[in-house]
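Here is how the chains run, residue by residue.
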Amino acid sequence: FHENDFYALVRDVGKNLVENVKIVDQFEHPQTKKKSVCFRISYRSMDRTLLNSEIDEIQKCIREATQSKLNLQLR
C-alpha cells in the first residue's frame, strides 16, 4: 500500500468536491507490524453548499472502494 494510491482513489470517487486529503496520524503495532493510518478528507464546492447526506454517500463509496480495490482493512 502506498498513500498515493489512496489519494487517487479518493479523488476518483469524490471528483471535484475533494479539496484536500492528508495524513493526520500513523501508528505501527510493535508486535504485529500492522500499520494504521488516519486520513482527513476535506470537501468543498465553489458553487453550492454541500449536504451531510451527500458527503456521507461519498464517504461510504470511498470506504467500499478502499476495501475492494486496495484490499485494506478499515477501522
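Refer to the structure printed above.
The structure presented is a predicted model; accordingly, all values stated were derived computationally and were not measured.

A. Here's a closer look at the pairing of strand β2 (residues 35-43). As paired elements, strand β1 (residues 18-28) and β2 share 9 bridges and run antiparallel to each other. Each residue of the ladder has a partner; that of glutamine 26, found in β2, is valine 37. If you look at the hairpin formed by β1 and β2, you'll find 6 residues sitting between the two strands, and lysine 33 has a positive phi there, around 65°.

B. Expanded view of the nonpolar core. Ranked by internal contacts, the top residues of the largest apolar core, which has 13 residues, are Phe6, Val10, Val21, Ile41, Tyr43 and Ile62. When residues of this core are assigned to their parent elements, the largest contribution, 4 residues, is made by helix α2 (residues 52-69). With residues up to four places along the chain from it excluded, the contact list for isoleucine 62 reads Phe6, Leu9, Val10, Val13, Ile41 and Tyr43.

Basis of the calculations
Residues numbered from 1 in each chain as written. Predicted model: local features only at pLDDT ≥ 70, side-chain atom pairs only at ≥ 80, totals over all residues. Heavy atoms only, no water. Pairing = 2+ DSSP bridges. Helix = DSSP H or I, 4+ residues; strand = E, 2+ residues; numbered from the N terminus. Core = buried A, V, L, I, M, F, W, Y, C linked by side-chain atoms within 4.5 Å. Buried < 20%, exposed > 50% of the residue type's maximum accessible area, 1.4 Å probe, protein only. Contact = heavy atoms within 4.5 Å.

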